[in-house]
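# Structural features, examined
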Amino acid sequence: MLTKDHIFGPDGSLRVCQAVRCDSVTGLIRPCAHSHMLLSSGHTMAVPPDFFLHPQTGRALPIAGNVGYDPVSSTLVIAADLCTVDNRKWDSPLLPFIPYPTSRHSDQPLPSSRLRGLKPGQRLQLGVPMADPDTGVPVPILGVTIHPQTGLVYPLGGVHVCPLTRLPQPIQIGYPMLDSRTGNVVLTVGVGLDPVTGAVLPVGGVLLAESIIEPLSGRMVRMGGANLRVGQLLPHAGGYQALLDCKVLAVMFRVLELLKPLTEEWGSDQTLKHHQGSERGSGRQDHLLSAAKELQQAWGRSLHCQLQLQTRLETLLEWAVALQQDGGTLGEMPLPGSDMCLPALLGMEYPDPMGSGLSVPVLGCQTDLVSGIIIPLAGTMEDPEGKGLVAIRYGSQTVDQVTGVLAPVVGARLDVSRNNVVPVTASYWLTVADQTDSVQVEALQREVCVRNTHWQQQRQREEDILSDLDSALFHCLFRVAEANSPQVHWSGRQLREAAVELQDAAQAEAQRRAAQHSHLALILPPHVLHILTLGDGEEWDQQCVWHAELVSGLDKVDVCVEQLQQDQEKWISQGRDWTAPLQAMDVELRQRELWEQCCCRQTELEAALNSLHFVRQLSQLRADTAQAMLCGNFWYKEYGLVQCSVHKPTVKVMGLLQQIALPLLERLNQVLEDKQPASFSPNTCNQHISGLSTKHASGLDMASIVWTSSVPAVKGISTQSLREPANLAHSQETGLQASSAPTHNSQRHAASSGIHSQESQPRKEPTQPTHVSVPTIPEDEWNKLLEISPLFQLLKGVQLQLKGWACGARLLRGDLTDRGKSFMDVLDAQWECEGELVPLDLSVLNAREFLVYQHGLFLMHTLDHLKLTPVISLQIAASLPNNNYTNNAFRNSFFYQEAEETLFVRRQRLQSVGGFSLLLLHCLSHVKNKDMSSDSSPAFQRLFFKILQECLGELFQARLGRPPSGQEANLCVLFPDQGDLKGTLLDSHAASLLYRLHKPNRGLLSEDEVEKLQKRHRETSLFYQLEGLLREKSSEATEGGKVNKVG
């Protein structure tokens, strides 16, 4: 019997042993043929061929379920019984590894396997779509396998027959499947490979995270999944979640090892003066804090993995409950030739409502946003082989209407323009699935940013309260031991005020979330909003518990301190000497007793606070999960016809959306007519004007709209004439009559098109006189109306500009109100800071924007290499906070966090690489100069021009160089973590562009290099001239031949 020490050396290396071998393809330690293993019961059995030897424990385990594939490093990782700490972070989930099926009669792989590799540009990651080998429909990647001879990695995913709809359905975790062994409907927990055909099969029939007895070791473990072996379903305890849990336990043991010497040192401290600490204790505390931070990160990854699966299962549970209530009805299907309608069920076939006479299956539903009626999606399409009309079926082939390529059908949709049902192809579905709604993403990120800010502020306040309480108790209790110390004075008033302020902030945040919930319900999908707000109630309850514990703890501390004060007064009144040994011992015992009571109260407070912090961390992870679902980074996305997370919108919600969109559309109309940039903020929807009544505010709103639509057609009307009462009355009467006419919308549209549209289009009828409708309002309110008028502001700006030019030409004298204002960029003047910082996820950027962003990182790296600018981080923001960069030309386009050393740039700046580069150089100069507000500083201008000089020199060097033939290979170095972008930019033009952008600095050219470059330039010019001459001769010869043929 061989043990671990016989097989592995002390350093983990494999000893020379005939019982095991190292697989050259997978790197696993495999037992040789005819080997036996000892079971926990004491019996022995032959080692199955799909087992491996664990290098840390020496145990023989099945490969399926206990080994995972890391897509980042492209290596196999043991995901069970880890005994050592792994320093890898595991940000990307492991893929379950399934051994490649081999023949029963030999160890050779199956030759008839239908597995296919990934297409160019596809990613190998859990939940990412791949093409089904048989039908070509998109299915999620749920595992991998490796060919034992070639070493090729094949993703695993496929389709199965749904037991509810009898339609093909992609294999998904948690979805119902039909167990071929028992005939029962069970939940899918993974995939496996058929040992005979090599087809991908769903595996299910066990409950994840259930406590079971592992059959090989006989220990109690937690269920991690199951795999098929010789037709039997065998559970296992490995997997990605088990790997993360093992890392959490390893870090916990490390924290305990660091705590032991500290607790022993603090326990042996008889003077209780551990507040002062020592160098050795301070070093240990630093190590402890570092380990605690690592534990928090490891625990966060483990909880994040659990939340991904939990969110998936909760979504399926809600879908199952709704299916039980209405049977999965997708509207009503009308019967042709009658007035009857039948309930539409997914997968059931009905007569074609268009009258083709075919039976068509229902493939989904779509809601009419105007009427709110649910329309079942079932219809016909043209057969790709020219056999006429056929029913639209999942997995069948059709010709894509856009590309004209034969593609599989993955669903159906309603073509509103033609009012018929058309098939949805795989390429169309992949395009739509990758798109994200920028409005929804920005709204969610803004809400998450506000929540994170609140949590950080509350945590800082809570730590300050506990620190102040600890310090106050220390100074209060231990001053008693000092000789001739004055009477103890204790006042918990400041701590109570801080506790009340803390609770008020939490209550205000709870009210804000309740008010924001109704607004987010109109924007975010219901399941995303549910995940985001799932822990709000528990967080508020725990906040109340913490506040109650804090108030109660302060009361108990008051009692302890009051007892101490009474004892001190008693000692003073009796005139005893505190320095006497007997009296000092009594005082120390009393002091230690009170200190233990106070420490007990502090421990209770810290326990309640830790519970609150855990709830907040869980809410933070839920917010990250909600963002992953909205941005398409969720591990368990929806595939196939059954959409469990899709909720049916109601007419009420659509009406509220229209009410919110109407003020924005009116504002947009006004901006387009005035041709003035404006900021779209949430305050625009309110249309609230301070100092005016509701009636007058509505009158001002109407007047502003009428101005922008009617003034261009009126000539010769001044501000003074508009204020005359008679003209006002006439204008109001005419405006009311015009508003009651049925052609009001068309007249307003024609008027809003401006002077150009009136001059360019022929007039078919006489032009009606256009009147200005202005309400009758007092003089002071009229002045306010002028202040908010876009036309008045435009004229005022023109006046100030003309006045500035006149003063510059010395035609006028006097001080100008805007003389202190500096230059402002033209694009920057079109934006305003929104008031809050909302960072933007880089996955939202398109290819061009991401390329410009990478160019900015290259510029920052180059300037740092030249020792011109400091090292800072660059991020893109959806909105920016207010700042005090008053004399900065780009003050509305960036924000610099000095504490985090991070520069946030507005996303709109990525549209122009030149403008983005200039903005970045400008900001880096300010950061280096540590002054963001003034562009007129000589130090800033000197550094800015120096940076421009260096960048222009780099541009000249890049123009002189030519990329080598292997420039495409440099993409792997330039973008090591951006596999998708590298795939989309692998062409000659993009490779040349990236090479020139990221080419290292060559420095100054020597004379020999200059001569070589000039010689190369002359040869190239000569070659181009010869090529042009040959082309002219060839064209002349061709034209002469054509003339001879004609003659």
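Residues numbered from 1 in each chain as written. Predicted model: local features only at pLDDT ≥ 70, side-chain atom pairs only at ≥ 80, totals over all residues. Heavy atoms only, no water.

The subject of this paragraph is the overall build of the protein. Looking only at helices and strands, the protein has 24 helices and 37 strands in total. Counting every position in the protein, which comprises 1047 residues, the buried fraction comes to 39%. Taking as baseline every contact in the protein between residues at least 6 positions apart, the subset at least 24 positions apart corresponds to 60%. In the form shown here, the protein has an accessible surface area of approximately 59,700 Å², with 55% of it arising from carbon and sulfur atoms. (Helix = DSSP H or I, 4+ residues; strand = E, 2+ residues; numbered from the N terminus. Buried < 20%, exposed > 50% of the residue type's maximum accessible area, 1.4 Å probe, protein only. Contact = heavy atoms within 4.5 Å. Areas by Shrake-Rupley, 256 points an atom, 1.4 Å probe, with all protein chains shown as cover.)

Turning next to the packing of aromatic side chains. Inspection of the entire model under this criterion finds ten aromatic pairs. Aromatic side chains W299 and F614 sit 6.5 Å apart centroid to centroid with 55 degrees between the ring planes, which places their arrangement in the tilted category. Remark: F614 occurs in helix α9 (residues 581–631) and W299 occurs in helix α3 (residues 279–326); sequence separation between them is 315 residues. Put simply, the rings of F940, F944 and F945 touch in pairs and so form one group of aromatic residues. Sitting above the plane of the Y428 ring, R413 keeps its charged end 4.8 Å from the centroid. (Phe/Tyr/Trp six-rings, centres within 6.5 Å; stacked < 30°, edge-to-face > 60°. Lys NZ or Arg CZ within 6 Å of the ring centre and 35° of its normal.)

Counting 85 residues, the largest nonpolar core has Y240 and L444 as its most contacted members. Sorting elements by how many residues they give to this core places α9 first, with five residues. Y240 has contacts with W90, D91, S92, P93, L94, C305 and W635, leaving out every residue within four places of it along the chain. (Core = buried A, V, L, I, M, F, W, Y, C linked by side-chain atoms within 4.5 Å.)

The subject of this paragraph is the sheet that holds strand β34 (residues 838–839). Pairing between the strands of a sheet comes from backbone hydrogen bonds, and it takes one of two forms, parallel or antiparallel. A sheet is described by the order of its strands in space; here four strands give the open sequence β34-β35-β37-β36, paired in mixed fashion. Across the chains shown, the open sheet's two edge strands, defined by having one partner strand only, are β34 and β36 (894–897). Direction of pairing for β36 relative to strand β37 (residues 902–906): antiparallel, over a ladder of four bridges. Paired with Y896 across the strands is L903, a residue of β37. Along the sheet, helix α19 (residues 913–929) makes contact with β35 (873–879), β36 and β37, crossing β37 at roughly 150 degrees. (Pairing = 2+ DSSP bridges. Axes fitted to C-alpha atoms, helices over the stretch in contact; angles between N-to-C directions.)

Attention now goes to the pattern of salt bridges. This model, assessed by the stated rule, comprises 26 salt bridges. With a closest N to O distance of 2.9 Å, E509 and R513 form a salt bridge. Taken together, the positions of E509 and R513, both in helix α6 (residues 493–521) and four residues apart, correspond to about one turn of that helix. Overall, E509 belongs to the buried group, its relative accessible area being 7%. (Salt bridge = Lys/Arg side-chain N within 4 Å of Asp/Glu carboxyl O.)

Below, the discussion takes up the pairing of β35. Within β35, five of the seven residues are buried, leaving the element largely enclosed by the surrounding structure. In this sheet, β35 lies alongside β34 in antiparallel orientation, the contact comprising two bridges. Its bridge partner lying in β35, V838 is registered against S879. Judged from the five bridges that link them, β35 and β37 form a sheet pairing that is parallel. Within β37, the position partnered with I876 by the bridge is V905.

Close reading of the predicted structure is inappropriate where its pLDDT is low. When pLDDT is averaged along the protein, the result is 76, and 73% of the positions lie at 70 or above. A low-confidence stretch, residues 675–774 (pLDDT under 50), is modelled with 96 contacts involving residues beyond four sequence positions or located in other chains. This model gives residues 813–820 a pLDDT under 50, and the stretch forms eight contacts once residues within four places in sequence are excluded. (pLDDT = per-residue confidence, 0-100.)

Right, let's get into a nonpolar patch on the surface. A contiguous nonpolar patch, built from L791, L794, L795, V798 and L802 and spanning about 430 Å² of accessible area, is present on the exposed surface. By secondary structure assignment, the location of L791 is in helix α17 (residues 790–808). (Patch = residues over 30% accessible without salt bridge, like charges linked within 9 Å, V, L, I, M, F, W, Y side chains within 5 Å.)

On to the sheet that holds strand β17 (residues 185–193), then. Strands sit in the order β16-β17-β18 across an open sheet of three strands; the sheet is antiparallel. The open sheet has two free edges, formed respectively by β16 (176–178) and β18 (200–204), since each of these has just one partner strand. For this sheet, the mean angle separating the axes of adjacent strands, direction not counted, is 60 degrees. As paired strands, β17 and β18 are joined by five bridges and run antiparallel to one another. Counterpart to G192 in the pairing with β18 is L201.

Let's shift gears to the side chain of D352. Looking at the secondary structure, you find D352 in the loop between β25 (349–351) and β26 (359–361). Here D352 occupies a buried position and makes no salt bridge, while the nearest side chain of opposite charge, R393, is found at 11 Å. Beyond its immediate chain neighbours, meaning those up to four positions away, D352 contacts P336, G357, L358, V360, G379 and T380. (Lys, Arg positive; Asp, Glu negative; His and termini not counted.)

Attention now moves to the packing of helix α18 (residues 847–865) against α19. Close contact between α18 and α19 brings their axes to 10 Å; oriented N to C, the two are set at 35 degrees. Crossing angle aside, the handedness with which α18 passes α19 is right-handed. The residues of α19 that touch α18, namely those facing V852, Y853, H855, G856, L859, M860 and L863, are V913, F916, S917, L920, L921 and L924. By residue class, the composition of the contact of α18 with α19 is ten nonpolar, three polar and no charged. (Left-handed = near helix turned anticlockwise from the far one by under 90°. Nonpolar A, V, L, I, M, F, W, Y, C, P; charged D, E, K, R; others polar.)

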